[in-house]
Amino acid sequence: MGEWLYTVEFAALVGIRRQVAHRALVLRRWRKNALEVRKVKGRRGGNGGEQYQVNSTSLPLEYQNRLKASRTHDVKHSKSITGRTEESAWWLDYLGPALQYPANSTGRADVLAELAGKPTRNWEGRAVSYCLRTLQRHAARFDEDMKVGRHGRSDKGKKRVLISRKWDKLVPFDASTKTKIVEDLKQEIRGLLKGGMSWGHTLQEAEKFLIDATVAWGCRPGDPNVLERACSVPIEFVSAELHFRNVHRFKRDHKAYDDRRPRIRRTVAGMQPMELVVGDVHPVDIHLTRPDGTVATARLIGFLDWATQRLWIGLIFFEKRGGVQNRDVIEVLASMIEAWGMPQSLYVDNGAEFGFAAFLDDAMQLTVQGFHGPSRSTRVINALPYNASAKPIERLFGDLETRYFSTAPGHIGGNRMSKKREAIDRTVAPFGAFEDVVPAIEGFVRTYNHTAQGKKSALKGLSPEATFRKHLEAGWAPTAMSRDEVRAACASKNGRLFRVRYRSVAAIGHARNCRLTSTTRFGSVYRPIIRQPSCYCLTAMVNESA
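Predicted model, so just to flag it, every value in this text is computed and none were measured.

The 3 strands are arranged β1-β5-β4 in an open sheet whose pairing can be described as antiparallel. Both edges of this open sheet fall to β1 (4-6) and β4 (37-41), since each of them pairs with a single strand only. When the angles between neighbouring strand axes are averaged without regard to direction, this sheet yields 40°. As paired strands, β1 and strand β5 (residues 50-55) are joined by 3 bridges and run antiparallel to one another. Paired with Leu5 across the strands is Val54, a residue of β5. With respect to the sheet, helix α1 (residues 7-14) is in contact with β1 and β5, its orientation differing from that of β1 by roughly 95°.

See below:
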């Protein structure tokens with residue numbers, strides 16, 4: 001059967017470079033000898049982790065004997081070559097025939113004399129030759145069970161000083177006292193960092209603490225400058241404790257602490273469209289003009305189909321002060337469900353505008369095709385507080401702002417305290433009225449949904465719409481539900497009457513490849529309107545049809 005050798009092992013055995021050995025295994029031939037080669041899967045290697053192995057029985061007889069000699073020597077020695085360097089392993093293989101004989105024996109002397117001055121290739125593949133004295137010295141080191149060749153220090157990783165060489169030489173304390181001072185110094189540094197002190201100030205306070213502690217333990221040199229120079233704390237001593245800053249960040253800035261937590265990378269492999277829909281509200285950083293002449297920004301209500309990365313949005317603009325309410329989000333969600341189907345799960349945050357989501361739990365149970373074992377008790381998922389980065393739609397909002405919204409006139413950026421300015425004393429000019437910006441946002445959303453993503457992305461080079469069509473061709477079909485049925489599902493009972501949690505809103509429709517996404521009590525319209533005196537906002541759903 002023989003033994004299968006990896007490329008590195010084959011190169012070390014025959015004394016050639018790894019690149020040359022790899023080329024020989026690819027060609028399955030070396031020095032006019034056919035080699036028996038196979039590919040195996042491994043954690044490291046070339047394409048997809050594939051590695052080459054060669055059967056030792058297909059090697060020339062000379063190298064088969066060399067392999068057997070090295071294995072025999074490994075059995076004789078109590079310690080294996082595990083952990084030795086590549087150079088040490090090569091020397092063990094090269095001197096193997098001589099090490100079979102006892103030290104100072106005639107047999108060993110004859111073998112070493114034969115190897116002396118003989119050209120060969122070392123562990124790096126270079127042509128070398130060694131004199132008799134060098135071979136004798138290396139063989140003696142193997143007899144003493146010592147490493148041969150270059151190797152690391154025996155005290156590698158061990159601390160050679162407690163604080164610094166100057167301080168260790170100056171203080172006349174015993175080892176236990178020095179260790180006690182060092183531990184107290186570390187605790188002082190950790191306490192300062194936990195309290196939020198800066199790195200440079202912490203270093204200064206640590207030096208003062210070390211001077212006071214050294215004097216308190218009885219070390220009082222005649223020259224105060226000598227003590228001050230000796231108690232200079234190295235930068236690395238403080239840097240090793242910088243991770244204790246997380247305590248201060250956790251207490252005073254929990255959002256920043258949570259943003260630094262490790263994340264789990266989601267995957268869309270095996271997911272179906274509308275299996276998980278993520279919803280959120282986002283401010284659009286574009287200045288718009290109100291009828292009274294003041295400027296404000298619109299709000300974007302977005303829903304992301306995680307499996308296909310499709311985005312459905314609705315825009316809302318307030319003529320006066322106000323905030324997004326349940327009825328506004330319900331209208332956008334109802335239009336999405338009418339076009340795309342009912343989602344299986346809805347992932348939203350804990351804002352009051354998503355308070356209606358609990359009413360949809362029973363309706364989303366209809367999307368489950370059959371029982372597949374225990375599942376979650378509710379189809380509505382609420383994000384944890386201070387955990388915005390866990391929602392995939394947050395990243396998408398950032399991409400929309402960077403790639404699309406920033407190219408529109410009137411873009412002011414995300415920092416309201418430091419808005420973008422056209423001149424030093426003048427902010428950017430507004431885009432226009434709300435009805436002017438709706439077609440622009442519509443174009444941005446259409447461009448995103450039809451733009452192919454990178455080959456390393458979750459969609460593997462496809463666009464969101466192309467991914468959705470791929471699922472349709474594979475047989476997927478949505479769970480249909482009309483807009484009125486969604487509104488009814490979001491209704492709450494109040495005495496004898498049923499109060500539906502939505503209001504009439506103005507909407508915008510589009511021609512050609514688009515559909516009217518909402519209607520008002522005044523009928524269907526194809527342009528933005530504000531006709532209800534009781535309605536203080538203008539809402540538009542700007543999306544394509546399914």
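What follows is about the state of the cysteines. Per the counting criterion, the structure on display carries 0 disulfides. The closest cysteine sulfur to the non-disulfide-bonded Cys219 is located on Cys231, 7.6 Å from its own sulfur. Residue classification places Cys219 among the buried residues on the basis of a relative accessible area of 6%.

On to the nonpolar core. Ranked by internal contacts, the top residues of the largest apolar core, which has 34 residues, are Phe405, Phe434 and Ile441. If you list the elements that add at least two residues to this core, you get β11 (299-305), β12 (310-318), α17 (392-403) and α18 (434-450). No other element matches α18, which puts 7 residues into this core. Excluding its chain neighbours within four sequence positions, the residues that come into contact with Phe405 are Val284, Ile286, Leu300, Leu400, His411, Ile441 and Phe444. Val277, Ile301, Trp312 and Ile316 belong to the second largest nonpolar core, which has 33 residues in total.

Two quantities define a packed helix pair, namely the angle between the axes and the distance from one axis to the other. Between helix α9 (residues 175-194) and helix α10 (residues 199-216), the least distance of the axes is 10 Å, while the angle of their chain directions is 150°. By the angle between their directions, the pair α9 and α10 is classed as roughly antiparallel. Like other packed secondary-structure pairs, α9 and α10 cross with a definite hand, here right-handed. Residue-level inspection shows Ile181, Asp184, Leu185, Glu188, Ile189, Leu192 and Leu193 of α9 in contact with α10, the latter providing Thr202, Glu205, Ala206, Phe209, Leu210 and Ala213. Split into classes, the residues belonging to the contact of α9 with α10 amount to 9 nonpolar, 1 polar and 3 charged.

What counts, and at which threshold
Residues numbered from 1 in each chain as written. Predicted model: local features only at pLDDT ≥ 70, side-chain atom pairs only at ≥ 80, totals over all residues. Heavy atoms only, no water. Pairing = 2+ DSSP bridges. Helix = DSSP H or I, 4+ residues; strand = E, 2+ residues; numbered from the N terminus. Axes fitted to C-alpha atoms, helices over the stretch in contact; angles between N-to-C directions. Contact = heavy atoms within 4.5 Å. Disulfide = S-S within 2.5 Å. Buried < 20%, exposed > 50% of the residue type's maximum accessible area, 1.4 Å probe, protein only. Core = buried A, V, L, I, M, F, W, Y, C linked by side-chain atoms within 4.5 Å. Parallel < 35°, antiparallel > 145°, perpendicular 65-115°, else oblique. Left-handed = near helix turned anticlockwise from the far one by under 90°. Nonpolar A, V, L, I, M, F, W, Y, C, P; charged D, E, K, R; others polar.

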